[in-house]
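Observations on chain architecture
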Amino acid sequence: MSESQLWDDVDDYFTTQLSPNDEALDAAVRESEAAGLPRVAVTAPQGKFLQLLAQIQGARTILEIGTLGGYSTIWMARALPTSGRLISLEYSARHAEVATRNIARAGLERIAEVRVGPALESLPKLADENPAPFDLVFIDADKGNNPQYVEWALRLTRSGSLIVVDNVVRQGRVTDADSTDPDVVGSRAAIELIARHPRLTGTALQTVGSKGHDGFALARVL
Ligand SMILES: C[S@@+](CC[C@H](N)C(=O)[O-])C[C@H]1O[C@@H](n2cnc3c(N)ncnc32)[C@H](O)[C@@H]1O
Ligand SMILES: [Mg+2]
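Residues numbered from 1 in each chain as written. Chains lettered and ligands numbered in written order. Predicted model: local features only at pLDDT ≥ 70, side-chain atom pairs only at ≥ 80, totals over all residues. Heavy atoms only, no water.

An unreviewed UniProt entry lists the protein chain under the name O-methyltransferase, with Streptomyces spinosisporus given as the organism.

Quick look at the pairing of strand 2 (residues 85-90) now. Most of strand 2 is tucked away: 5 of the 6 residues are buried. Taken together, the 5 bridges between strand 1 (residues 61-65) and strand 2 define a ladder with parallel strand orientation. Each bridged residue has a counterpart across the sheet, and for Leu63 the counterpart in strand 2 is Ile87. Each parallel crossover has a hand, and the one from strand 1 via helix 4 (residues 71-77) to strand 2 is right-handed. In terms of strand pairing, strand 2 meets strand 3 (residues 112-116) through 5 bridges, oriented parallel. Bridging from a neighbouring strand, Glu90 pairs with Val116 of strand 3. Chirality of the crossover, the property in question, places the unit of strand 2, helix 5 (residues 93-105) and strand 3 among those that are right-handed. (Buried < 20%, exposed > 50% of the residue type's maximum accessible area, 1.4 Å probe, protein only. Helix = DSSP H or I, 4+ residues; strand = E, 2+ residues; numbered from the N terminus. Pairing = 2+ DSSP bridges. Right-handed = clockwise from strand over helix to strand, strands pointing away.)

Attention shifts here to the site of ligand 1. Around ligand 1 sit 21 residues in total, of which Gly66, Glu90, His95, Ala119 and Asp140 are the nearest. Glu90 is positioned such that a nitrogen or oxygen atom in its side chain is 2.6 Å from an oxygen atom of ligand 1. Within the side chain of Asp142, one N or O atom sits 3.3 Å away from a nitrogen atom of ligand 1. Within the complex, 88% of the 600 Å² of free accessible area of ligand 1 lies under protein. Of all the secondary structure elements, the ones that give two or more residues to the shell around ligand 1 are helix 4 and strand 2. Residues of the shell around ligand 1, tallied by class, amount to 12 nonpolar, 5 polar and 4 charged. (Near = heavy atom within 4 Å. Polar contact = N/O pair within 3.5 Å; in protein donor to acceptor, adjacent residues only side chain to side chain. Areas by Shrake-Rupley, 256 points an atom, 1.4 Å probe, with all protein chains shown as cover. Nonpolar A, V, L, I, M, F, W, Y, C, P; charged D, E, K, R; others polar.)

Below, the structure is given as structure tokens:
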């Protein structure tokens, strides 16, 4: 059996046992695929992990950067109380449209809101609204801007908030200091920012699974 088949099988087992998609999550995957969105959403075990993080955190507010079809949005929004709020920023109007429908189908339209535009334009507008500090920030958009997103996350959170930066391993290429790939450069810069920033403490974990070899960074705001 190939290594990747083994990773797939283990992910399938964990998904079936611990984090099966219900109707709304299945529909979000189906409708995203039907609309031709790239298949780059988190897996079901990762979605459940984000949901658990939000629950452990007692989160009432979540900021997501990179919505796609709203799959991770739905997992996280389900961790929030009915008075909770999730704002998800998405560059593509088409992705945002699909996500908005998926979120409504999941009955989460009062909690989760998708804002269209480049996140680096949406973030200052959001800051102008003086929102309550976000308890959890999930960064999962264009990886080249990861350090800017971590800086914005710091401005929009409080001591004790969590910041998750997805896909930082890049099949191991994160160790390549000479890489000119913006995704690698941005992921390295985010890791180094978490490492040296006086208001952040963090770690990064490698993962294997149905999406191959990757991983995420997790930081706590001090
Ligand atoms: C990996 S996908 C997000 C997956 C989603 N978080 C999930 O797991 O279900 C990245 C998304 O970020 C969006 N994106 C790319 N550049 C962006 C930018 N500058 N601002 C906001 N969103 C951006 C892409 O259009 C895409 O929908
Ligand atoms: Mg991701």
